[in-house]
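Each chain is listed here by its residues.
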Amino acid sequence: MPYVTIQTFSRDNLLDSAQRRWQIIRETRLDLAPALALQHELLTRVIDLSEALAGSRLPRLSLPPKYLAVKLTRGVPALAGEPIPLPVPVLTPTLFELCDALATGGAGEAATHIRESVDSGRLEAASLLTASLHRDQAALRTGAVHRGLSPDLMWLVAELTVSPFVHALQQMIFGGTGPGGLQDALDAWNRGYCPACGSWPAVGEVAAGHRTLRCSFCSCAWELNTYACIYCEDGGEGFVTAAPDAERKDRRIEVCASCGGYLKTIDIAELSPFPLLSISDIETTDLDVAAMEHGYARPGMKEFTKKT
């Protein structure tokens, strides 16, 4: 089944699991110590927000299973193009906390300027977070450049802030599917981008022999029915999987000569729960470097129009 349900855990269990994984990484990658310290600060805030959202009511969306099944059949992610109300007052305090953590964790004035822009009203929190929700990189980048802010940092802050909300929506619309209709459409989903929000995977996690793609935004987990490039679907000779480090064959890169894209894959005991997927991402940053040194890159977000 392409869509994979992942167990949810309590705040304390998530933080304990994260600490164990960070400690293992520190023992072999001393160079990542500052990045791991920052990730600890960021993930703690994301986990706290996720817990707060779990105790509140999610918006009632007019997304019947048959309607979602039609969208998925046409290759359109479930949430793409939908007018989803964001709980901006609930999300904004975390937005500020993330800016502060990034400011002290190395981003400095660039992160402080984002917070000050939102705090002063020069940048509307609702507009920023909505652009992230709709995966509108162009709008966010234009807004950042217009205000003299860092586009990449703005994207990161907004994505971290909105991700717990989108993860909850993803679980709500996909988690209770039964036989037929939406479940059949999910079973037939064989695309490299997320069936929920349309984002590309951050990494492929391989557990029990199953290559599972993990969404970089909502942490959705899904398997493909074919083994090929997730971006252009080429499975020919130009699509290659390699382990740059001969001693770490559990960490690999899938590269495609046809489109120039790449995907990191990592063997793992069990799939990472939200939001610990970013730990798999950070512990494989050397694979990003290896891929980019050979001219490969991750493409920008796909654009979708609302099709019904």
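The structure under discussion appears in the preceding block.
These figures come from a predicted structure and were not determined experimentally.

Student: Looking at this model, I keep getting lost on helix H6 (residues 125-133). Mind explaining?
Tutor: The set of residues buried in H6 consists of Ala 125, Leu 128, Leu 129, Ala 131, Ser 132 and Leu 133. On its buried face, H6 is in contact with helix H4 (88-107), helix H5 (109-120), helix H7 (137-146) and helix H8 (151-174). At the exit of H6 stands Arg 135, carrying a positive phi of roughly 60 degrees.

Student: Could you clarify how one ought to interpret the pairing of strand S2 (residues 210-215) in this entry?
Tutor: The two faces of the sheet receive side chains in turn, since in a regular strand these alternate between them. With respect to burial, S2 is a largely interior element, five of its six residues being buried. Summarising the sheet, strand S1 (residues 201-207) and S2 pair through six bridges and their orientation is antiparallel. Residue Val 206 lies in a different strand from S2, and its bridge partner there is Arg 211. Taken together, S1 and the strand that follows it, S2, pair antiparallel across an intervening segment of two residues, in which Ala 208 is found at a positive phi of about 55 degrees. Here S2 pairs with strand S3 (residues 221-223) via three bridges, running antiparallel. Residue pairing in the sheet places Leu 213 in a bridge with Trp 222 of S3. Taken together, S2 and the strand that follows it, S3, pair antiparallel across an intervening segment of five residues, in which Ser 219 is found at a positive phi of about 65 degrees.

Student: I'm lost on the packing of aromatic side chains in this one. Help?
Tutor: Any pair of aromatic rings gets described here by the distance separating the centres and the angle formed by the planes. In total, this model carries six aromatic pairs according to the counting rule given. Ring geometry for Tyr 3 and Phe 174: centres 5.2 Å apart, planes at 75 degrees, overall edge-to-face. Here Tyr 3, found in the segment before helix H1 (11-28), pairs with Phe 174, found in helix H8; they are 171 residues apart in sequence, far enough to count as distant. A relative accessible area of 1% places Phe 174 in the buried class. Arranged with centres 5.4 Å apart and planes meeting at 65 degrees, the rings of Tyr 227 and Phe 239 form a pair that is edge-to-face. With Tyr 227 in the loop between S3 and strand S4 (239-242) and Phe 239 in strand S4, this residue pair connects regions lying twelve residues apart in the sequence. Taken together, the ring pairs connect Trp 189, Tyr 193, Trp 200, Tyr 231 and Phe 304 into an aromatic cluster. A cation sits over an aromatic face here: Arg 135 above Phe 217, 3.5 Å from the ring centre.

Student: For this particular structure, what's the right way to read the nonpolar core?
Tutor: Residues Val 166 and Phe 174 are the most contacted members of the largest nonpolar core, which totals 70 residues. A per-element tally of this core places H8 first, with twelve residues. In this structure, Phe 174 is in contact with Tyr 3, Leu 72, Ala 78, Leu 182, Leu 186, Pro 195 and Ala 196, ignoring residues within four places of it in sequence.

Criteria and cut-off values
- Residues numbered from 1 in each chain as written.
- Predicted model: local features only at pLDDT ≥ 70, side-chain atom pairs only at ≥ 80, totals over all residues.
- Heavy atoms only, no water.
- Buried < 20%, exposed > 50% of the residue type's maximum accessible area, 1.4 Å probe, protein only.
- Helix = DSSP H or I, 4+ residues; strand = E, 2+ residues; numbered from the N terminus.
- Contact = heavy atoms within 4.5 Å.
- Pairing = 2+ DSSP bridges.
- Phe/Tyr/Trp six-rings, centres within 6.5 Å; stacked < 30°, edge-to-face > 60°.
- Lys NZ or Arg CZ within 6 Å of the ring centre and 35° of its normal.
- Core = buried A, V, L, I, M, F, W, Y, C linked by side-chain atoms within 4.5 Å.

As far as function goes, none of this settles anything; it's purely spatial.
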